[in-house]
Amino acid sequence: MSTRSLHGSTALLSFLVGLGSTASPAAAQPAGSAAFTEARRDPPSENDVRLALTAGATFAYGNARTLGVNLAANFFVRESDEQLEIDASYLLGMAEAPLTCADDPMGVGCGGVVGGGRTGGFNGTWIENANNLMWRIRYDHYFDADNSFFVAHRGRRDTFAGLDVRLGLQIGYSRVLFREENHRLSLDLGVDGTLDVYTSGIASANRASATFVAPPLQGTDARFVPAVRVYLAYVNHVNAVLTYDTGLEVLWNVVNPGHFRFEWQNHIRSSITGFLEISLDVTMRLDAQPPGQNSPWAENPA
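Residue indices follow the written sequence of each chain, beginning from 1 at its first position. Only residues with pLDDT of at least 70 get local features here, since the model is predicted, and only at 80 or more are side-chain atom pairs given and counted; chain-wide, interface and lining totals rely on the full set of residues. Each side-chain value is worked out from all heavy atoms of the structure, with water and hydrogens disregarded.

Student: Even after reading the chapter, I still don't get the packing of aromatic side chains, so can you show me in this structure?
Tutor: How two aromatic rings sit relative to each other is set out by the distance from centre to centre and by the angle between their planes. Pairing of aromatic rings covers Phe, Tyr and the six-membered ring of Trp, with a centre-to-centre limit of 6.5 Å; geometry is then stacked below 30 degrees between planes, edge-to-face above 60, and tilted otherwise. Evaluation of the coordinates by the stated rule reveals four aromatic pairs. Their ring planes at 35 degrees and their centres at 5.2 Å tell us that Phe 143 and Phe 149 sit as a pair that is tilted. Accessible area is worked out with a 1.4 Å probe on protein chains only. A residue is then buried under 20% of its type maximum, exposed over 50%, and partly exposed in between. Owing to a relative accessible area of 43%, Phe 143 belongs among the partly exposed residues under this scheme. Ring pairing ties together the aromatic residues Phe 143, Phe 149 and Tyr 173, which thus form one cluster.

Here is the structure:
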C-alpha cells in the first residue's frame, strides 16, 4: 500500500471521561460516550431523550512534549416512530518543536554548523499536529421495531487531511439483523454524496502541477464523490457497566470505481456512576484517493 494513499487516513486513540452524561430512567443500559460515532446504540422501545458531554486530554512532558484535547457532545431524542441524533466532536493535538542546529549552532552535535541535526531540548514553540471538527445529524423513521428509513448529514473540517471542509448527505435503509439481550447487529444500505473542498495548499499544488488530470467530478479545488454506502454496526453490553460497540463503513465511488473509503470505529465504555464513564475510542480511516491524489492507490500525487 502506498504511503500517499495513507496520507488521507486518520488514526485516533483517545481516553475520554464523560462529564455530564444524562439519560432518562427508561434507558436499559448506561448512556454511551459522546465521542463522534456512527455505532448507534439500541433504539429504545419508548420515548427517550439523552444528552451526553465528553471531554478528554493527554499531556506528556519529558523526552517528548505533547498535548491533546478531545471534546464531544451527543443529543438523542426518540418519540414514537421518529428518532433524531446529533453528534459533534473536536480534536486538537500539539507538540513542542525540538531544538535544531539552526536554533543553537554551538549545541551538541552541531559543531558550529547551522542546519540539520538536533541538539536536544526544545525551542519553546508549540506546533499543531491535529485539528479537526466533525459533526453528524441523522433522522430515522421506524416502520417497525427493526426497520427504518434514514437521512443523515455529516461534516468534517480537517486541514491536516487536506480538507478545508467536507459536507456529506446520506439516504438509506437500516435493518436490525439480530437482537438478543446483550447483543445487537444492524446494517445500513444506501447512497452517499460527499463534497470535499480542499485546503489552499492542496488546491495550489493541483493548479501548479503540469500533469494534473482531474478524475470524474473532481477539479483542482474541490471534488464531488457519489457513492454506494454499506455500514455494519455491532453493540455488545458485556455486563451492567461495560459496553463494546464497533462499526465499519465502506463507501464506493460509483463514477471512479477504484476509489474506496473505509472507516472503522471501536469504542469500549465503562460506567463509573450514572453520570460518569471512562471510554477508550479508536477510529481508523483509509481513503484510497485522498485530496490531492489523481488516481486510487497511487504511489505519488500525480
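There is more to say after this.
Student: What's the story with the environment of Arg 136 in this structure? I'm lost.
Tutor: Take Arg 136: it is sitting in strand β5 (residues 118-144). The spacing of Arg 136 and His 153 is 17 residues in sequence and 5.6 Å in space, taken between C-alpha atoms. Whenever two N or O atoms come within 3.5 Å, that pair is a polar contact, provided that in protein one can donate a hydrogen and the other can accept it, and provided that, for residues adjacent in sequence, both atoms are side-chain atoms. One polar contact links Arg 136 to Asp 87, side chain to side chain, over a distance of 2.5 Å. A run of DSSP states H or I qualifies as a helix once it reaches four residues; a run of E qualifies as a strand once it reaches two. Both are numbered from the N-terminal end.

Student: Which parts of the structure should I look at to understand helix α1 (residues 200-208)?
Tutor: If you check which residues of α1 are buried, you get Ile 202, Ala 203 and Asn 206. Buried positions in α1, seen along its axis, are confined to an arc of 100 degrees and lie on one side of it. Away from its buried face by more than 90 degrees, α1 exposes Ser 200 and Ala 208. Summarising the contacts, the buried residues of α1 are in contact with β8 (183-198). Working definition: the arc comes from the directions between the helix axis and the C-beta atoms, pointing outward to the latter. Any two residues whose heavy atoms approach within 4.5 Å are treated as being in contact.

Student: When you look at the side chain of Gln 83 in this model, what are you seeing that I'm missing?
Tutor: If you trace the backbone, Gln 83 turns up in strand β4 (residues 82-100). On the basis of relative accessible area, Gln 83 is assigned to the buried category, the value being 3%. Of the polar contacts made by the side chain of Gln 83, one reaches the side chain of Arg 78; its length is 3.5 Å.

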